Amino acid sequence: MKLYYSPKACSLADHIALQEAGAKFVVERVNLATKRTAAGRDFNEINVKGCVPVIEMDDGAILTENVAILDWIAAQYPTLGGSGEMGRTRLIESLTFISTELHHSFRHLMDAKGDAEVAQAKAGIQTRFHWISDTFKGDYLFGDHPSVADCYLFVMTLWAERFGVNVPTRLSSFRERMKGREAVKIALAVEAA
Ligand SMILES: N[C@@H](CCC(=O)N[C@@H](CS)C(=O)NCC(=O)O)C(=O)O
């Protein structure tokens, strides 16, 4: 299995989740500006949408979209899923919120022009971080161990740090807790290399 990624992009969530799972996989870096992979392939031929993450299965099948990839990883490695009777549904609920509300809101911030637009975009992101922080069931979204949704949320909190967006204390503690995890350290080191 191969994960196509771009350093510190949203694909870091999938990278961390695969590390947390102990999955057997390789990674290949994508230059999103040139749409070339490290091996020199045209990335648009791998994913016509031109964006990471992409998982290439051993049989050549291609899987795209964070929500689908992270849900697939949780299905293979159930300790990374949601817990309880509604576990899968709660997981999809969190993944969808992170994708469509948080991840998407960062696009508004990146596109914002002028102080007023930047302040408005940051306020929108902060509101969404507050909403999701109120759903925590413990140190992580679903209790005392991380799920694939925590991996995705962690990347959003890293982006918050990078773009100067304040997050609630529960989420800054979560960010530091995640940074201390071996899987996170490995994924970050691989992407920094
Ligand atoms: N709908 C996709 C969006 C993924 C996405 O936004 N990827 C960004 C990096 S975080 C990307 O590859 N953008 C293409 C580009 O910058 O050219 C998903 O949720 O997986």
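Residues numbered from 1 in each chain as written. Predicted model: local features only at pLDDT ≥ 70, side-chain atom pairs only at ≥ 80, totals over all residues. Heavy atoms only, no water.

1. Some details on helix α1 (residues 11-21)
Turning to step 1, where the next piece is worked out: Burial runs high along α1: 8 of the 11 residues are buried.
Turning to step 2, where the next piece is worked out: Where the residues of α1 are buried, they touch β1 (2-5), β2 (26-31), β4 (54-56), α3 (66-76), α6 (148-163) and α8 (182-192). (Buried < 20%, exposed > 50% of the residue type's maximum accessible area, 1.4 Å probe, protein only. Helix = DSSP H or I, 4+ residues; strand = E, 2+ residues; numbered from the N terminus. Contact = heavy atoms within 4.5 Å.)

2. Some words on the domain arrangement of the chain
Turning to step 1, where the next piece is worked out: Under the domain assignment, the chain is made up of domain 1 (2-78 + 184-192) and domain 2 (82-181).
Turning to step 2, where the next piece is worked out: Centre-to-centre separation of domain 1 and domain 2, based on C-alpha positions: 20 Å.
Turning to step 3, where the next piece is worked out: Taken residue by residue, the interface counts 17 residues in domain 1 and 20 residues in domain 2.
Turning to step 4, where the next piece is worked out: Three residues stand out in domain 1 for area buried against domain 2, namely V67, D71 and V184, and they jointly supply 31% of the buried area on that side.
Turning to step 5, where the next piece is worked out: In this assembly, domain 1 and domain 2 are joined by 2 salt bridges.
Turning to step 6, where the next piece is worked out: R181 is the partner of E20 in a salt bridge, and the nearest nitrogen-oxygen pair spans 2.7 Å.
Turning to step 7, where the next piece is worked out: Linking domain 1 with domain 2 are 6 residue pairs in polar contact (both at pLDDT 80 or more).
Turning to step 8, where the next piece is worked out: At the level of elements, α1, α3 and α8 are the ones that each hand at least two residues to the side of domain 1 that touches domain 2.
Turning to step 9, where the next piece is worked out: For the side of domain 1 that touches domain 2, the leading source of residues is α3, giving 6 residues.
Turning to step 10, where the next piece is worked out: Of the residues contributing to the side of domain 1 that touches domain 2, the split by class is 12 nonpolar, 1 polar and 4 charged. (Domains from an automatic or database assignment. Buried area = accessible area lost by both parts, 1.4 Å probe. Salt bridge = Lys/Arg side-chain N within 4 Å of Asp/Glu carboxyl O. Polar contact = N/O pair within 3.5 Å; in protein donor to acceptor, adjacent residues only side chain to side chain. Nonpolar A, V, L, I, M, F, W, Y, C, P; charged D, E, K, R; others polar.)

3. Examining the pairing of β1
Turning to step 1, where the next piece is worked out: Direction of pairing for β1 relative to β2: parallel, over a ladder of 4 bridges. For K2, the partnering residue across the bridge sits in β2 and is V26.
Turning to step 2, where the next piece is worked out: The handedness of the β1 to β2 crossover, carried by α1, is right-handed.
Turning to step 3, where the next piece is worked out: Across 3 bridges, the pairing between β1 and β4 is antiparallel. The residue bridging K2 from the neighbouring strand is E56, located in β4. (Pairing = 2+ DSSP bridges. Right-handed = clockwise from strand over helix to strand, strands pointing away.)

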